[in-house]
Amino acid sequence: MLTRILPLIFLPSVLTQDLCKDGKDGNKVRISLKTGLGEEAYEWNESEMFLFKSSLAFAMRKHTGNDKLDISNILVCNETRRVSFIFVVTSPTNTSQLIPKAEVQAAVRNSKHRINSAFLLSDMTLEFVGIPPTLATPIKYDTPPWLIVFGVVMGAVAVGILALLMSTVTKGRRAKAKAVDSAEEGEGREGRVKENGTSLTHLELKDGVYNEAFSSDDERLTQL
Amino acid sequence: MDTTSSTDASKDTEERPKWDNKVQYLLTCIGFAVGLGNVWRFPYLCQVYGGGAFLIPYLIALVFEGLPLLYLELAIGQSLRMGSIGVWHSISPLLGGVGVASMILSFLVGLFYNTILAWVLWYFFHSFQDPLPWSQCPINDNLTGYVEECVLSTPVNYFWYRKTLNITPDIEENGSLQWWLVICLASAWSIVYICFIRGIETIGKAVYVTATFPYLVLTIFLVRALTLPGATDGLIYLFTPDWEILMDPRVWLDAATQIFFSLSLAFGGLIAFSSYNPKKNDCERDALVVGCINSATSLYASIPIFAILGFKATSNYNNCLNSNILDLTNAFDIADKNITTENYEGWLTFLNASDPDKVFSLNLKECDLKSFMDQSASGTGLAFIVFTEAVIEMPGSQVWAVLFFIMLFSLGLSSMFGNLEGVLTPLLDLHMVPKWMPKELFTGLICVVCFLMALIFTMGSGNYWLEIFNSYVGSVPLLVIAFFEIIGVVVFYGMNRFSNDIEFMTGRRPNIFWRVCWMGISPVMLVVVLVAYVVVQVQKHPTYPAWNPAYENFPTLEEKPYSDWVFAICVLLSSVPVLSVPIVAIYRLFKGQTRSQSKPNSPNPYNNQAFTPDSHTIES
């Protein structure tokens, strides 16, 4: 009796091992703990595997919307020291049927970030073979930063050129004003040299002084 | 007293500008001589030609060819006090073409040199981003993967050839003007204009920064580079002498041409700079200072460059090993990080012994440190591809990129001053500037004309044309002009007269070493170098490396031959500057002007022409 019951008890686990090892719908996973975390790498043990199974179950639930999917639906085999293993997902309604690989991959892709964060790893260190790492979205700038630097540099240069040109113009004007002054001074000096230098000349009263000795006022004279 | 004559005399002495002090003059000459070639050509030659052993032909060329020619140019500029055209015209009207050739050369070189500075500015503007744009491949349009051209080559190559140059696969395909390069070119010419606006008055102030800043940056890089892993490997590789290579005549040829181009001789710029000196100035010491500092700078620059290249080779080697290690780890399911770079060899032999077929099927890459070290480059390849790749790996990449590109820009800017002065001074001396035009407007006009002509280098095929200009304009014509310079002074001017001038300027006659060099060694060396250079160039049919994504061996550059009309342009570029020498000589011979009419600086003390003997006196 016991000999007949024992195989029946072990049958599910044997069956599940066969489901996993069949390999057609299995996904290989590679985890590089030391590369990803260095000194802070934790050890991969049964509890970590439990976490992995539960996060996969979470991903499947989220994708399919099927609340009946349980952690017992995630089967794992071919564990190595690498750490790498193969997993398959059985359908919650029929435990001997596997969910197709494409759907599993889609589910994983949707929740990849959550699964990575659960293990403190990245797309490079928690590798699902067949699922390429998601590319970072390119940063879109409103103005590319190089144009900003270009604007700053060109602005400074334009200001500098204008300043230099203004200083040339003002220098030219000042030189011209000085030239006119010195020309006037030169003429004045020459004018003084031509005269014989009476004391009145430097008073610049070329017209002489009206000495009012002779008055044109004829009022005191009798009028005829 | 007649006031008009005094104003004329003051105008004469006012007309020729002069340096504010000796330091400005020396810094300008050093800045002109020390250029991009010191940083990106000399280290490459050092590496390719046997490391430390290359210093021997280099120093010999410096002593027997570089320094005598440098001294000659500074001395004639200072004594005759004119730009290149005026100087050669005073020595002999038959040689006036030498000055014209120098001016044309300075103009052509200035065109493409500033385009390189435009590229440096482009990279400088992009160095303020995190991450640096040349560190990653951009994502393609439908967001499924990376751009294919980038994946096949490297992100650095892609950024240079596609994002910067947008290069066409062939020189015949012109492409269109790349607007981003046009605005970078405009900013480069604006920065040059602001320093050049009043000739040496503004240049003299600008060189305080542009000539000294590169040394500061090189020192910073030196300190940083020596602390990087793999730096010592790079330095050992660079300086390990390979004495066998001295037997190869190409080493001597390249050393001679390198010293010649490095000192910026035969451009007319040095003659222009020294013409603004006071009459009594020790130009012998100036020549020695400028020549030695130029070579010392080359050596000094090669140390951080090679330390950084050694670092880059080491990190490439480590990346190669790590990718192999990952392949092995994944294939054999070995625990993570059990295979390291240290025990890689041991593991490989063990795994090969246990399962050779599986190992073979992995197609592991050959990782050889020496082959990574051999990936050297010179010219724009060094600055924009190799060095930018190294900068990505250094922590704090943006800072190093910014420093590097500012250094390159100031090195190039100070050389541009010499090129433009070689154009401006002869034009000013020939009084080609109308009286009403202020100097600022004239220099602005020169800059605008150069900018418009340099727009050809901003087209899709611009880089190919720049290489043509670089190889054909900046080589043979310079050697020919230098040869005519030295012959002109020794034969036409006369060694005796020249020695008298030097005695007047420096207080002592040039010693036997200089005279032997000028009269014998240097001309002979120039002819030998010129002939050897032409022979070497003629032997191989000229080809150019093209970036062609459709090429089967992409990313290797495709060697394409020049088509006939392009080759005709190459020949024209080499010969037109040189042709002006015989053309002017023949023209002057026809007009019978074989002797110089004006003697600018020899007032005869015995005849001041105040008293002319009256020939009508009747003898009583």
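Up top is the structure.
Residues numbered from 1 in each chain as written. Chains lettered and ligands numbered in written order. Predicted model: local features only at pLDDT ≥ 70, side-chain atom pairs only at ≥ 80, totals over all residues. Heavy atoms only, no water.

Draft legend 1. Molecular detail of the overall build of chain B. A tally of regular secondary structure across chain B gives 26 helices and two strands. A compact globule built from 620 residues should have a C-alpha radius of gyration of about 25 Å, and chain B, at 28 Å, falls within 12% of that. Overall, the C-alpha framework of chain B stretches about 130 × 50 × 45 Å when taken along its three principal axes. Expressed as a percentage of contacts within chain B between residues at least 6 apart in sequence, the contacts between residues at least 24 apart total 82%. As displayed, chain B has an accessible area near 26,900 Å², and 63% of this comes from carbon and sulfur atoms. Where the 32 positive side-chain charges of chain B centre and where its 49 negative ones centre are 12 Å apart. (Helix = DSSP H or I, 4+ residues; strand = E, 2+ residues; numbered from the N terminus. Rg over C-alpha atoms; globule rule 2.2 N^0.38 Å. Contact = heavy atoms within 4.5 Å. Areas by Shrake-Rupley, 256 points an atom, 1.4 Å probe, with all protein chains shown as cover. Lys, Arg positive; Asp, Glu negative; His and termini not counted. Charge placed at Lys NZ, Arg CZ, Asp CG, Glu CD.)

Draft legend 2. Region of interest: the state of the cysteines. All names here are of chain B. Scanning the entire structure with this criterion turns up two disulfides over all chains. Between the sulfur atoms of C137 and its disulfide partner C150 the distance amounts to 1.9 Å. A torsion of -90° about the S-S bond marks the disulfide between C137 and C150 as left-handed. Placement of the pair is C137 in the loop between α7 (96-126) and α8 (148-152) and C150 in helix α8, with a sequence separation of 13 residues. The same class applies to C137 as to C150, namely buried. (Disulfide = S-S within 2.5 Å. Buried < 20%, exposed > 50% of the residue type's maximum accessible area, 1.4 Å probe, protein only.)

Draft legend 3. A look at the nonpolar core. Ranked by size, the top nonpolar core spans 196 residues in total, and within it W189, F405, F498 and W518 of chain B carry the most contacts. Sorting elements by how many residues they give to this core places α7 of chain B first, with 19 residues. Apart from the residues lying within four places of it in its own chain, the contact partners of F498 of chain B are L72, A75, I76, V489, Y493 and W518 of chain B. Grouped together as the second largest cluster of nonpolar side chains are 28 residues, I74, V83, F85 and F119 of chain A included. (Core = buried A, V, L, I, M, F, W, Y, C linked by side-chain atoms within 4.5 Å.)

Draft legend 4. Looking closely at the pairing of strand β3 (residues 84-89) of chain A. Residue and element names in this part refer to chain A. Summarising burial for β3: six of the six residues are buried, a large majority. The side-chain alternation of β3 yields two buried faces, one formed by S84, I86 and V88 and the other by F85, F87 and V89. Two strands pair when backbone bridges link them, and strand β1 (residues 27-31) and β3 are joined in this way by four bridges, in the antiparallel orientation. Looking across to β3, one finds that R30 is bridged to S84. Inspection of the sheet shows strand β2 (residues 74-77) paired to β3 by four bridges, in the antiparallel sense. Directly across from V76, in β3, lies its bridge partner F87. (Pairing = 2+ DSSP bridges.)

Draft legend 5. Molecular detail of the pairing of β1 of chain A. All names here are of chain A. The buried count for β1 comes to four of five residues, which makes it a mostly enclosed element. Judged from the three bridges that link them, β1 and strand β4 (residues 126-128) form a sheet pairing that is antiparallel. Looking at the pairing, I31 lines up with L126 of β4.

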